Each structure stands twice: as C-alpha cells, then as structure tokens.
Amino acid sequence: MSVVSRFSPLRHEIAGIDVARLAEEFGTPTYVYDAAKIVERIEDLRQFDTVRFAQKACSNIAILDLVRRHGVVVDAVSAGEIQRAIAAGYATAADATGGSPPQIVYTADIFDAEALELVKKYGLHVNCGSPDMIDQLGLVAPGHEITLRLNPGFGHGHSQKTNTGGEQSKHGIWHAQLDECLQAAERRGLAVTGLHMHIGSGTDLEHLSQVCDAMEQAALQVGRRLTTISAGGGLPIPYREGDQTVDIDAYFKLWDATRKRLEAAFGHPVHLEIEPGRYLVAESGFLVAQIRAIKRSGANTFYLLDAGFNNLARPILYGAYHHMSIVPSGEGGPMRPLHEVVVGGPLCESGDIFTQEEGGFVRSRMLPVAEIGEYLVIECAGAYGFVMSSNYNSKPMAAEVLVQDGQAHLIRRRQSFEDLISGESIPGR
Ligand code: LLP
C-alpha cells in the first residue's frame, strides 16, 4: 500500500485494519482507537517524572487500563472518574500499592457528596481548586497531604471556553490567596506538599512557558515543605495540515530548569508531573460514520452522516476543526475528484454541522466526491470525543473499539433502546 499523508482525503485503514471491515463488524457510528498511537505519545513524555492522564479526555476503562500498563497514573474530577480509575486497576492509598506518586489524584474545584465520600474511603490524594475544599477535606480527613491548584492570574486555550486562568475563570485558587490557604491547611492539619497549575486546554508553548515563572514564585512562597510541582495539561496537537507539533523537549527543559532552581533553593528533590489529556489520546481516535444522504441547498452540497454532535460535540461547542476522509468503496478509489461540501449529522438542530467555525458559521470543505453508503472518518477525535457525547434526540451512544496488536476489540457496545430508557418510569405503572 502506498504511503499516504496523515491528512489524506481518502482513508482505507485505521491501525492497519480495513475501515469498511470495522464499520461492517461494529456498525456506525463507532469510535476506533489505535493503541499504538497512545503508547507512542506516552513515550514522548518519558522525561517527566510522572505522566498523569487527565482521563476526562477519554475515560473508557480499556483506555485507562492501557495507559496504566504503560506507567501512566491518573487524574479524576468526579466520583465517576474515581470509580473508573479503580475499575481499570489503579491502586488507592487504601491498597498497599497506592504509594507515591499517588496513582489517583482528585483534582476539582468542589467536592460533591459522593466524591468526598470516596476520597475519605480510599484515602485519595486531593489537589484542591478552592479554599472551601481545604476546609471540607480537613473536617473529614485531617492529617492528609494535599496539593493546591493555583490560578496564576492568566490563562489561554484553543477557545475562550477552554481557558482556565485569569479572573474570569472559576478554576483554581487565586494566586493572591496562597498564604491564606496555607494557613487554612495548617489549621485543618493538612500538609501542603505540592502545587499545580493548568492554564487551559489546547494552548501553545508560548503561554505554557509563562507558567514556569508563576510556579517558581508560588513554590518559593510555599517553601521547603514542597516536594511536587505539576505543569498541568494543555499541550496542543496538530489537528490540521500545517499545524506544528509541540516541541516536548523544549517544554521539558523549561520545567526542568524551574524544578532545578527550586531543588537548589530547598535542598531536596522536587518531583515534576505533567497532566495531559488531549496529547495522549486525540490522534489515536477516529469516529467512523456512514454517509446517509447527499443533498443540495442552493449552492451548498451536504453530506449527512449517521453521526452528529451527540457523538462529537467539539465542532458545535468550539468551532473545532477535525480532518475528514472518505473510505472509497468499489471502483475509482484513488481518482476521486474533490468538491466543496458541508458535513452534517442526523439531529433536528441546525447546529448539527461538523464543518463550522466558532459562532456557528457553516463552512464547506474540499472532500472527495462520495456516494451514499460510503464511510466518512472524522479524525483526531480521541480526546473529548466520546466522553462528551449525549443521548440528544434519543440517539444511542456509539460503540468504541480499540485496535491493539492488529486486533480490533469492542471496548464499549453501542447503546440499545433499553439502555436509553433504563432508569425512567411512568408514575402508577
Ligand atoms: N488538567 C486539568 C486540571 C484540566 O482541567 C484539564 C482539561 C487537563 C488537565 C487536560 O487538558 P488537555 O491536556 O487535554 O488540554 N472539551 C475541551 C477541553 C476541555 C479541557 C478541560 N480540562 C475540548 O474538546 O477541547
């Protein structure tokens, strides 16, 4: 088979398996993940002492198990994510193997009742994102070590909706309240052993680099009790032709220099964590859909798929760009001419368009001429794809498949109608 560009308009296989075969075996829409790509991305980050996967990006327990087997620990933002981590084999402090660095860290801006209960039950490490969390944890689990998630006063993301720093962000403890929080922790008998900063998702190296200085200043304020710093997540990935891949080496060097200056100031080792979500899984994931209708409205040609924003919400939420390719069936595959098309889904809502820009502006895309029944693959969809899906219009959630060592494994079956209505009831019946 000839070598095709990663962003080719035609695609025959995913991780070496024929896409049409995958679609026929598992149906559409289906998310397919390439395990080898995830492992490759983990290897990129080996220089950091700890890689902590922000599972919110892709939390299927088979994916968690995969990253766990490759030495990656995990972040959880909810009771559900804590339980997923445990189900995937992560140890808790209650197990002898819970250890250091903690395998599961709960990072959030609040505790709900369920999360606080699990944190207490399993003795989980908490990265507190608000002063109230310090008080609430101190009441139920005095004596714990904690880390503080700081908002350094600035942030940046691929969209304003993914910027998690600055005054308009609800995330983290405002940097100027650090002293107050250190005192509150002391009153509650909690030991602050680390700091964490995450300024946004899908940002760039320039903004990420500014965090190092902010971290250094805050860490010096905490002083010698500090043993861990976390750079958070936020690493961008190349979603389209021409996008740069991030220079991980340069990024590590910046953080390593910060860490070394802190080690010199404190006279003891400082552990360096990174907490990526998107970087580890985005490129591994493909949403395979089928073209069900091709229609024209004035000057526009639409490909309508059996996948919609119920399956992949990033375009409607952020105007996010995802490369798309056609899986040619039958004759004339490589010779397909390109034409301008708008790609949409099946939902009863005008915003159900995969080719849109932020603000809901519908755009067209150059894609190969295709026929009804052919498959279309939405690429780089492994991060914030399935996990943000919904049952809108009573559509079942897609199946998920993991390709590992040349084998395709169903890691989540497609929902059935029974799944859709499970938990509902009619009064008196
Ligand atoms: N750590 C914390 C505390 C976070 O809040 C996040 C993401 C991450 C790490 C991982 O960020 P990443 O490495 O994936 O950029 N739904 C949006 C992204 C929301 C990110 C939320 N927090 C999207 O589809 O782009």
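The structure presented is a predicted model; accordingly, all values stated were derived computationally and were not measured.

Colleague: Got a minute to help me understand the packing of helix 5 (residues 113-122) against helix 6 (residues 131-140) in this structure?
Modeller: Two quantities define a packed helix pair, namely the angle between the helix axes and the distance between the axes. Interhelical geometry of helix 5 versus helix 6 gives an angle of 50 degrees and a closest axis separation of 10 Å. As judged from the angle between their axes, helix 5 and helix 6 are oblique. Both helix 5 and helix 6 take part in a crossing whose hand is right-handed. Every residue of helix 6 that contacts helix 5 at L116, V119 and K120 is listed here: Q136, L137 and V140. Grouping the amino acids of the contact of helix 5 with helix 6 by side-chain chemistry returns 4 nonpolar, 1 polar and 1 charged.

Colleague: Mind showing me how you'd approach the site of the ligand here?
Modeller: The ligand sits among 19 residues. The nearest are H158, S201, E275, R314 and Y384. In the model, an oxygen atom of the ligand is placed 3.0 Å from a nitrogen or oxygen of the K56 side chain. Contact distances for the ligand include 2.6 Å between an oxygen atom and a side-chain N or O atom of R314. Coverage of the ligand by the protein amounts to 92% of the 580 Å² it exposes when considered alone.

Colleague: Can you help me understand unusual backbone geometry in this one?
Modeller: As a rule of thumb, non-glycine residues mostly have phi less than zero, and peptide bonds are mostly trans rather than cis. A cis geometry characterises the amide bond from T28 onward to P29, with omega recorded as -5 degrees. With respect to the element layout, P29 can be found in the loop between helix 1 (19-26) and strand 3 (30-34). Residue N393 is not a glycine yet carries a positive backbone phi of 60 degrees.

Colleague: I'm lost on the packing of aromatic side chains in this one. Help?
Modeller: We describe a pair of aromatic rings using the distance from one ring centre to the other and the angle between the two ring planes. Counted under the stated rule, the structure contains 6 aromatic pairs. Ring centres 5.1 Å apart and planes at 85 degrees place the aromatic pair F48 and F252 in the edge-to-face group. Separated by 204 residues along the polypeptide, F48 in the loop between helix 2 (35-44) and strand 4 (50-54) and F252 in helix 9 (residues 248-266) bring together distant segments of the chain. The two residues F48 and F252 agree in class, both being buried. With a centroid separation of 5.5 Å and 10 degrees between ring planes, the pair formed by Y106 and F111 is classed as stacked. The class of Y106 is buried, set by a relative accessible area of 2%. With a relative accessible area of 9%, F111 lands in the buried category. Taken together through their ring pairs, the aromatic side chains of Y31, Y33 and F386 make up a single cluster. Directly above the aromatic system of Y321 lies the positively charged group of R240, at a separation of 4.0 Å from the ring centroid.

Colleague: Whenever I open this one, the pairing of strand 15 (residues 324-327) confuses me. Can you help?
Modeller: The two faces of the sheet receive side chains in turn, since in a regular strand these alternate between them. Residue alternation in strand 15 divides its side chains into two sets, M324 and I326 and S325 and V327, and both sets are buried. Alignment of strand 15 against strand 20 (residues 375-378), held across 4 bridges, turns out to be antiparallel. Bridged to S325 within strand 20 is V377.

Criteria and cut-off values
- Each chain carries its own residue numbering, running from 1 in the direction its sequence is written.
- Local features in a predicted model are, by the rule used here, given only for residues with pLDDT of at least 70; side-chain atom pairs are given and counted only at 80 or more, and totals for whole chains, interfaces and linings are based on all residues.
- Only heavy atoms go into the side-chain values, all of them from the structure, while hydrogens and water stay out.
- Between N-to-C directions, angles span 0 to 180 degrees; the directions come from axes that are lines fitted to C-alpha atoms, helices contributing only their stretch in contact.
- Going along the chain from the N terminus, every DSSP run of H or I of four or more residues is numbered as a helix, and every run of E of two or more is numbered as a strand.
- By the definition adopted for this analysis, an angle is roughly parallel if under 35 degrees, roughly antiparallel if over 145, roughly perpendicular if from 65 to 115, and oblique otherwise.
- What makes a crossing left-handed is the near helix being turned counterclockwise from the far one by less than a right angle; a clockwise turn instead makes it right-handed.
- Contacts between residues were defined by any pair of non-hydrogen atoms, one from each residue, lying within 4.5 Å.
- Only Asp, Glu, Lys and Arg are considered charged, only Ala, Val, Leu, Ile, Met, Phe, Trp, Tyr, Cys and Pro nonpolar, and every remaining residue, Gly among them, polar.
- Being near a molecule or strand, for a residue, comes down to having at least one heavy atom within 4 Å of it.
- N or O atoms within 3.5 Å of each other form a polar contact, as long as, within protein, one can give a hydrogen and the other can take it, and as long as residues adjacent in sequence are counted only when both atoms are side-chain atoms.
- Only the protein chains shown count as cover for residues, and all accessible areas are computed by the Shrake-Rupley method using a 1.4 Å probe.
- Two rings from Phe, Tyr or Trp (for Trp, the six-membered ring) form a pair when their centres are within 6.5 Å of each other. A pair whose planes differ by under 30 degrees is stacked, one over 60 is edge-to-face, and the rest are tilted.
- The cut-offs for exposure are 20% and 50% of the maximum accessible area for each residue type, with area from a 1.4 Å probe on protein chains only; residues under the lower value are buried, those over the upper are exposed, and the others partly exposed.
- We call a charge positioned above a ring when the Lys NZ or Arg CZ atom is no farther than 6 Å from the ring centre and deviates by at most 35 degrees from the ring normal.
- Pairing between two strands requires that DSSP report at least two bridges joining them.

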